[in-house]
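What follows is each chain in one-letter form.
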Amino acid sequence: MINKYIPEIKNGTSQNFFLMAGPCAIEGEEIALRITEKIVTITDKLNIPYIFKGSYRKANRSRLDSFMGIGDEKALKILEKVGKTFGVPTVTDIHESHEAEMAAAYVDVLQIPAFLCRQTDLLVAAAKTNKVVNVKKGQFLSAGSMKFAVDKIVESGNEKVFLTDRGNTFGYQDLIVDYRGIPEMRAFNVPTVMDCTHSLQQPNQTSGVTGGKPALIETIAKAAIAVGADGLFIETHPDPANAKSDGANMLHLDLLEGLMKKLVRVRQAIL
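As the structure is a computational prediction, the values presented were derived from the model and not from experiment.

Trainee: Can you help me understand the packing of aromatic side chains in this one?
Mentor: Each pair of aromatic rings is reported with the distance of its centres and the angle of its planes. Within the structure shown, the criterion is met by two aromatic pairs. Note on Phe18 and Phe162: the rings are 5.3 Å apart at their centroids and 40° apart in plane angle, and the pair reads as tilted. Remark: Phe162 occurs in strand E6 (residues 161–165) and Phe18 occurs in strand E1 (residues 18–22); sequence separation between them is 144 residues. What makes Phe18 buried here is its relative accessible area of 3%. One aromatic cluster in this structure is built from Tyr5, Phe18 and Phe162. In this structure, Lys136 packs its charged tip against the face of Phe233, placed 3.9 Å from the ring centre.

Here it is in structure tokens:
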């Protein structure tokens, strides 16, 4: 399915799920290239279609002194270099309508953060770039209500839409995944992705730094593949404890290959 949306993606005709993975934020060129090289080696070995993920700027931080980025143009040029160096498509978040055209000049997929999935002007601006638009389901929304986000993009002239689940608000400082949402969103005839790392966040901690439960990433990912998710979204880093954003819920890069091998077997079992 993925090659219908991104024809040039490697391994796009395989029967595997596709993977959107990389660091939460672009921290610098060297580490972005190092992470990509490692993931490309793994995904090529396992015939997994791969999209590199990295946010050029983090707009929704809890605290004013939280890391937000290394500069928009600098980070976007790193995303562009990653794509050209390794021949992989790239995805980054946008937060306001005027960012859509700017980011689209450098990446293949524009991602709408969960908090912003109802922002009509933002969705329309992303749609008009004619890039693939990955909309994250709001933690406060049902899966069924994401049909309206899809409609906004399609009715703006762009049928290249992904939907990504990242859990539902459960109390004030936790999230829970309702796996009924995967087939419900797939019924809209769009690729549906499970965000295996952000769905394990513990937001709104008193420190102002989001917590997480990365030990459960494998559990979330296995269940998502088992219920038919088309893709997985995983933030990964060689040193999560020192990552500049969302390190508390990232997968250590050294664990990625073992996890992907297990998930490929799950995928094969359900085909």
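What follows continues from the structure just given.
Trainee: Even after reading the chapter, I still don't get the environment of Ala105, so can you show me in this structure?
Mentor: Tracing the backbone shows Ala105 in the loop between helix H4 (99–104) and strand E4 (109–112). A C-alpha to C-alpha distance of 36 Å links Ala105 and Thr219, two positions 114 residues apart in sequence.

Trainee: Help me understand the pairing of strand E3 (residues 90–93) in this model?
Mentor: Along a regular strand, successive side chains alternate from one face of the sheet to the other. By the alternation rule, side chains of E3 split into Thr90 and Thr92 and Val91 and Asp93, which are all buried. Note that strand E2 (residues 50–53) and E3 share two bridges and pair parallel. Its bridge partner being in E3, Phe52 is matched across the sheet by Thr90. With three bridges joining them, E3 and E4 adopt parallel strand pairing. Pairing of Asp93 across the sheet is with Gln111, part of E4. The parallel pair E3 and E4, bridged by H4, forms a crossover whose chirality is right-handed.

Trainee: Looking at this structure, I do not really get the nonpolar core. What am I missing?
Mentor: Ranked by internal contacts, the top residues of the largest apolar core, which has 71 residues, are Leu19, Ile94, Ile112, Val135, Met146, Leu232 and Met260. Sort the elements by how many residues they give to this core and helix H2 (residues 29–46) lands first, with eight residues. In contact with Met260, not counting residues within four places along its chain, are Phe17, Leu19, Ile42, Leu46, Ile48 and Ile234. Counting residues in hydrophobic clusters, the runner-up holds 13 residues, among them Tyr5, Phe18, Met20 and Val109.

Trainee: For this particular structure, what's the right way to read the environment of Val150?
Mentor: With respect to the helices, strands and loops of the structure, Val150 is situated in helix H6 (residues 147–154). Judged by its relative accessible area of 6%, Val150 falls in the buried class. Val150 sits 52 residues away from His98 along the chain, and the two C-alpha atoms are 20 Å apart. Dropping the residues within four chain positions of it, Val150 is found in contact with Val161, Leu163 and Val190.

About the criteria used
Residues numbered from 1 in each chain as written. Predicted model: local features only at pLDDT ≥ 70, side-chain atom pairs only at ≥ 80, totals over all residues. Heavy atoms only, no water. Phe/Tyr/Trp six-rings, centres within 6.5 Å; stacked < 30°, edge-to-face > 60°. Helix = DSSP H or I, 4+ residues; strand = E, 2+ residues; numbered from the N terminus. Buried < 20%, exposed > 50% of the residue type's maximum accessible area, 1.4 Å probe, protein only. Lys NZ or Arg CZ within 6 Å of the ring centre and 35° of its normal. Pairing = 2+ DSSP bridges. Right-handed = clockwise from strand over helix to strand, strands pointing away. Core = buried A, V, L, I, M, F, W, Y, C linked by side-chain atoms within 4.5 Å. Contact = heavy atoms within 4.5 Å.

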